[in-house]
There are 4 protein chains.
Amino acid sequence: MSTVRVAIAGATGYAGEELIRILRQHPSVTLTHLAASAKWERPVPLADVFPRFAGALDLPVVALDPSRLAESCDLAFLALPHGVSMDVAPRLLASGRKVVDLAGDFRLKDPAAFARWYGTPHTHPELLEQAVYGVPELFPDPLRRARLVANPGCYATSVILACAPLLKAQLVEPAGIIVDAKSGLTGAGRKAAPDMMFSEVNENLWAYKVNGHQHVPEVEQALAALSRNGQPAITLVPHVVPMDRGILSTMYLRAAGPLTWERLQAAYEAVYGQTPYVRLRPKNTWPKVREVIGTNRCDLALTVDETKGLVIVVAVIDNLLKGAAGQAVQNMNLMCGFPETAGLP
Amino acid sequence: MSTVRVAIAGATGYAGEELIRILRQHPSVTLTHLAASAKWERPVPLADVFPRFAGALDLPVVALDPSRLAESCDLAFLALPHGVSMDVAPRLLASGRKVVDLAGDFRLKDPAAFARWYGTPHTHPELLEQAVYGVPELFPDPLRRARLVANPGCYATSVILACAPLLKAQLVEPAGIIVDAKSGLTGAGRKAAPDMMFSEVNENLWAYKVNGHQHVPEVEQALAALSRNGQPAITLVPHVVPMDRGILSTMYLRAAGPLTWERLQAAYEAVYGQTPYVRLRPKNTWPKVREVIGTNRCDLALTVDETKGLVIVVAVIDNLLKGAAGQAVQNMNLMCGFPETAGLP
Amino acid sequence: MSTVRVAIAGATGYAGEELIRILRQHPSVTLTHLAASAKWERPVPLADVFPRFAGALDLPVVALDPSRLAESCDLAFLALPHGVSMDVAPRLLASGRKVVDLAGDFRLKDPAAFARWYGTPHTHPELLEQAVYGVPELFPDPLRRARLVANPGCYATSVILACAPLLKAQLVEPAGIIVDAKSGLTGAGRKAAPDMMFSEVNENLWAYKVNGHQHVPEVEQALAALSRNGQPAITLVPHVVPMDRGILSTMYLRAAGPLTWERLQAAYEAVYGQTPYVRLRPKNTWPKVREVIGTNRCDLALTVDETKGLVIVVAVIDNLLKGAAGQAVQNMNLMCGFPETAGLP
Amino acid sequence: MSTVRVAIAGATGYAGEELIRILRQHPSVTLTHLAASAKWERPVPLADVFPRFAGALDLPVVALDPSRLAESCDLAFLALPHGVSMDVAPRLLASGRKVVDLAGDFRLKDPAAFARWYGTPHTHPELLEQAVYGVPELFPDPLRRARLVANPGCYATSVILACAPLLKAQLVEPAGIIVDAKSGLTGAGRKAAPDMMFSEVNENLWAYKVNGHQHVPEVEQALAALSRNGQPAITLVPHVVPMDRGILSTMYLRAAGPLTWERLQAAYEAVYGQTPYVRLRPKNTWPKVREVIGTNRCDLALTVDETKGLVIVVAVIDNLLKGAAGQAVQNMNLMCGFPETAGLP
């Protein structure tokens, strides 16, 4: 059977490493090209970058060159820093390649919002409309037709999956949603920042970007597409937790009326009952991040405080899988007509 | 100079260890007696329990016996499991000893609330009224006169200190306060529970007691004493974070009107300006738990989202110091007329 | 294609969990039975024990009953505490089943040595001779014919693989080998011991069993089978390192004559050149445990100090894979005539 | 009482932070000056560098300027990178100041050895002879007279203290000593190196500098001063362990004749019996690094394998205290005629 030729740009980061791990065992994919950044000095065997792949994949890691990237593949994953892929994707699309972008470059429809949240004007705003926001459980049909997919942020994935059924079924107020999110360190990417050193992180814990995190607008945009009783408004406070992987988001929503756990369960079942990776845990059980590490799952749990009119939802994902590389491959599977779970753990 | 003779019951737990560490260097204290639980088999040198104290303190750890405890001391710290100290404290008080209880036994004024939250009826409800709830920054005068102090819970300390100035100054709505709290593992005490094993905790993170944590009623009771515009109502979701020590609580409160950071700062200054351990961090800086580990401090930071009418407050403490042993010694200092900071790091 | 029916006894431990993970995706295996210990109270869905397997495998975990175990399978993995499997294996063998035992029960040929190191007499010494010690790289032919395989200990695996080529080629003195071994916590198994609690292990490090670890005799026995210039004698000091998984063993051996790195490399190439999981890293590079976590690999590296006549070898493995479940499946593959790497990551 | 004016150069590193913590509470010291590196841009309040010192010490951190440093103090601690202090110390000494250097610059008597191990020629070899190597338990008299003290390396401290009594009493062979050393991350200093990131270190473990660590020559030099039966020769393999603080060194020495634990104990007692920080643990007990964290202690334990003629010694220290700042203050105490334990925890 013929396979799709796939390239990865940004292969040396954490998401890149996971993409290699998944794609080299994907039954319908041939990995053809691994690029780091444009500043990468010379081709280096993959095993020198990641010793774990020694003997498993015989490809060099080369400097990012959009033309060579386009030649090498039918579909490219861009796991590059924010602001880089918006200049790489256009050349790939112009050559007829498909693109899954793991950065924030194509997530927001509004170029002004992009400029505000990412601190730089968008260089290709004309592509924003055609980009499809990649939550396979919620937007499968546009993803099947997409040529350019904007893979969601890690926090955003956990929040959107947790809130979507409640907003869709008008069970909660769309405004005033509070998200207290906690993430391990790989969420910050593979770079040597002083406050990411082991001796600064271990036995530590802190909140950051309390005044606003760039995942807020993509969450509000995605939920707005599903909400039937008003514009969603999210407050999200992210926290750094001393662990490598994993996100746990705790959400506090106001009930739109009297609710029971069972009624909420039905709303989740309606949205996720036929999907492979998202599930609501049984009543009064709470997921731990470890239970989804190494998987493409998002596990959800909730409780209703009827006295206070409050719904509390907890979501856990592996930030590098359902929050990045896993969801990206799930999106590729839809784009290429493969089974949705192909190649995924 | 004469010193106060002090005993510790529950000396083999984490809070007990911290009490020993502090009290053996306290200028006005002589440690006279260390008791474990009533089931402790035979006297054991302290250095066999905690090798770090070898050569530093020559006291045996013995089985808990309330009569011997009362004989040995002028003041006793009870760092025992919930439900044990309510039967030990009465004998100490009857012998004229002072007591600082680190468990939950004397924190709630309402015996019915105690029974509901701690799962057992209170055996000495007549003592609940005289027990003083030990937040030195908020209730210093009653503490100076107290014979029985109920030392607050670790989560409760962080929440009460963070919210008190806002409620006192009527800057926020007392109802609908959301607290997302995160704690290291020593908060659960020193016991061999399966889900507290290293291999279950490391690289993990989870929410627990989502339907209600026993620190909620003591927070609501303490804040009610300060609130001027209604009865406080708290939703608190605690989380376990893979670290030994430290609590970070993130609080979401609804503004009672238009607010600025500066106005809030003034409210905190009014309450904590003359106190040694609680401070508001400068605008747009956020505390990390490490910055207070090993200290008796509570560091606070906040932001106002004027559009949403939301105040977000972050509080960090060392759960074993300001959240337990440190605050207990601070309370003892008030009870005994010592300088408030005596002996504290 | 027909598959082998496989049962796991001890399915609720760390090695059991890894066995389930591997075997449920093994192309030639059908998992038919999961047993815990004999004291397990009642059948429980696997997803209640390990939420990560929800939806992936629909088998209950039941109490260990050797007769039911024998009925359920063609081959059984016994991942039970030391001293239990010696009473389970005989019934399986008598029913014509094959057995891979992950405990120490069948590793030593000498029943007196077993009694000395494991503190209990062997109940079925007649089986010790037929048990094959399961290092696939060194003893592949007996393993292909084996009905009872004694899967090596985790430390032992790292030491034997590191030292075998040197002893086989008579490059080092067999006596006076020093092994300084370091392991993560899962090596101690899934049980709630006080000194395995997170708050006792994190930010800690210690040596244990300095006077002798039970893996020493199996190492000496295995290496004796390969040594041509005398009886190997090993000193092994194990250490607990605050991490979940992984073993790193550092070995110090006396050179039997003048040596170069290249000559040693040739010795390793001769033994492992055609094997899939063991390799010598390039000169002057040193493996990290993370590079083999999640794999069945053993990575080795070495240096020669010609002045001192010393060879230093470092070996890293994932203690739950090459040190337990992975090697066990590799052994099963040989026993059943499957490709050696079938089903392994 | 008049106090000694003390300055710290390199105040922003981990050792600098510990020096501040100790010295600000030292009864005979006034901290007068805190310098970072020469590249430090402008004076910054200490609390901006280390929020934990807010309100506790009102000194700015300024750029390193040797003249200002000399003016500010009677004694300076230099906690600077290797190769920097050799150009700072001469100016301080010329101004009559005392110096405790925590770097490697003045540890080796032989300038050629310095050049070989530190990769740069020594710029002031004339000072090497007068520098006193600062192990207070072994060289107290020269330290009392010293003007320039070379504070030992962290690994070196643990090895020298562990081996000295054995060599002094001629109980072991001085050649062929094997040291397997393990350290937490703060040993590498506070700098943003890619392989010191949390996500690279957590759940990881590795050996480094297997071909030779720069602490070997200082160990051999210090032990040579004590050895009576030949020149010590050490093989030391250091390892990185995923924890912040702490060193555990495991040493393997060949007995010079028949030995018992009790005879060895007597040798340790003879050397350390009257010293405050070094002790041998009781027979068959083994120290954990946590038991000395936060203290200036070195805890030792040992066993004798009579069959193999081997002595195994385990040493634990807090690398930032007995391995750096604590020992430096202990040395200052001797140099200044203070009680040896003054100011130390």
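The structure presented is a predicted model; accordingly, all values stated were derived computationally and were not measured.

Asker: What is the right way to read the sheet that holds strand 13 (residues 278-280) of chain B from this model?
Answerer: Strand pairing in a sheet relies on backbone hydrogen bonds. The paired strands run either parallel or antiparallel. Residues and elements named next belong to chain B. Pairing is mixed across the open sheet formed by seven strands, whose spatial order is 10-11-9-12-15-14-13. Sheet topology places strand 10 (206-207) and strand 13 at the edges, where each strand pairs with a single neighbour. Examined bridge by bridge, strand 14 (residues 298-305) and strand 15 (residues 310-317) share eight bridges and lie antiparallel to one another. Within strand 15, the residue paired with Cys 298 across the bridge is Ile 317. Its contacts with the sheet place helix 10 (residues 261-272) against strand 13, strand 14 and strand 15, and it is angled at close to 155° to strand 14.

Asker: I'm lost on the relation of the copies chain D and chain A in this one. Help?
Answerer: The operation relating the two chain copies consists of a rotation about an axis and a shift along that axis. Overlaying chain D with chain A gives an RMSD of 0.0 Å, the required rotation being 180° about an axis along which the chain moves by 0.0 Å. The superposition of one copy onto the other is thereby described by a two-fold rotation axis. Comparing contact sets, 100% of the residues at the interface of chain D also lie at the interface in chain A, consistent with an isologous, same-surface contact.

Asker: What is the right way to look at the interface of chain A and chain B in this model?
Answerer: Think of interface size as the accessible area that goes away when the parts come together; that is how it is often given. Taken together, the contact between chain A and chain B spans 40 residues of the former and 40 residues of the latter. Approximately 3500 Å² of surface area, both sides summed, lies buried where chain A meets chain B, with 57% of it carried by carbon and sulfur atoms. For the chain A face of the interface with chain B, the top three residues by lost area are A:Glu203, A:Leu205 and A:Arg290, together amounting to 19%. In this assembly, chain A and chain B are joined by two salt bridges. Taken together, chain A and chain B are joined by 28 residue pairs in polar contact (both at pLDDT 80 or more). At the level of secondary structure, the elements contributing two or more residues to the side of chain A that touches chain B comprise strand 9 (177-183), helix 8 (198-201), strand 10 (206-207), strand 11 (234-240), strand 12 (247-254) and strand 15 (310-317) of chain A.

Asker: Just checking my understanding: could you explain the relation of the copies chain A and chain B for this structure?
Answerer: It takes a turn of 180° to lay chain A on chain B, together with a shift of 0.0 Å along the axis; the resulting RMSD is 0.0 Å. The overlap is high: 100% of the interface residues of chain A also sit at the interface in chain B, so the same surface is used on both sides.

Asker: Quick question: what am I supposed to make of the environment of B:Glu220 here?
Answerer: Position of B:Glu220 relative to the elements: it lies in helix 9 (residues 215-224). When the C-alpha atoms of B:Glu220 and B:Arg147 are compared, they prove to be 23 Å apart, with 73 residues separating the residues in sequence. Those residues in contact with B:Glu220 that sit more than four places away from it in its chain are A:Lys308, B:Gln231, B:Pro232, B:Ala233 and B:Ile234. A distance of 2.8 Å separates a polar side-chain atom of B:Glu220 from the backbone nitrogen of B:Ile234.

Asker: Looking at this structure, how should I read the environment of D:Ala89?
Answerer: Residues and elements named next belong to chain D. Structurally, the position occupied by Ala 89 is in helix 4 (residues 85-94). Looking at Ala 89, the relative accessible area reads 0%, which means it is buried. In this structure the C-alpha to C-alpha distance between Ala 89 and Ala 15, which are 74 residues apart in sequence, comes to 18 Å. Setting aside chain neighbours within four positions, we find Ala 89 in contact with Leu 78, Val 99 and Phe 106.

Asker: How should the domain arrangement of chain A be read in this particular structure?
Answerer: Residues and elements named next belong to chain A. Domain boundaries in chain A define domain 1 (4-151 + 324-336) and domain 2 (155-317). Computed from C-alpha coordinates alone, the two centres of domain 1 and domain 2 are separated by 25 Å. Of the roughly 1900 Å² buried between domain 1 and domain 2 on both sides combined, carbon and sulfur atoms contribute 61%. Seen at the junction of domain 1 and domain 2, the total is three salt bridges. Where Arg 245 meets Glu 18, a salt bridge forms, and the shortest distance between an N and an O atom there is 3.1 Å. Counting every contact that joins domain 1 to domain 2 gives nine residue pairs in polar contact (both at pLDDT 80 or more). Elements supplying a minimum of two residues to the side of domain 1 that touches domain 2: helix 1 (14-23), helix 5 (111-118) and helix 11 (325-336).

Asker: It is not clear to me how the interface of chain D and chain A should be interpreted in this structure. Could you clarify?
Answerer: With 18 residues of chain D in contact, the opposing surface of chain A contributes 18 residues. Regarding the contact of chain D and chain A, the summed buried area is about 1500 Å², with carbon and sulfur atoms giving 56% of it. When the buried surface of chain D facing chain A is broken down by residue, D:Met197, D:Phe198 and D:Ser199 rank first, second and third, together holding 43% of it. At the surface where chain D touches chain A, the tally comes to two salt bridges. In this structure, A:Glu200 engages D:Arg190 in a salt bridge whose closest nitrogen and oxygen atoms are separated by 3.2 Å.

About the criteria used
- Residues numbered from 1 in each chain as written.
- Chains lettered and ligands numbered in written order.
- Predicted model: local features only at pLDDT ≥ 70, side-chain atom pairs only at ≥ 80, totals over all residues.
- Heavy atoms only, no water.
- Pairing = 2+ DSSP bridges.
- Helix = DSSP H or I, 4+ residues; strand = E, 2+ residues; numbered from the N terminus.
- Contact = heavy atoms within 4.5 Å.
- Axes fitted to C-alpha atoms, helices over the stretch in contact; angles between N-to-C directions.
- Least-squares fit on C-alpha atoms with pLDDT ≥ 70 in both.
- Buried area = accessible area lost by both parts, 1.4 Å probe.
- Salt bridge = Lys/Arg side-chain N within 4 Å of Asp/Glu carboxyl O.
- Polar contact = N/O pair within 3.5 Å; in protein donor to acceptor, adjacent residues only side chain to side chain.
- Buried < 20%, exposed > 50% of the residue type's maximum accessible area, 1.4 Å probe, protein only.
- Domains from an automatic or database assignment.

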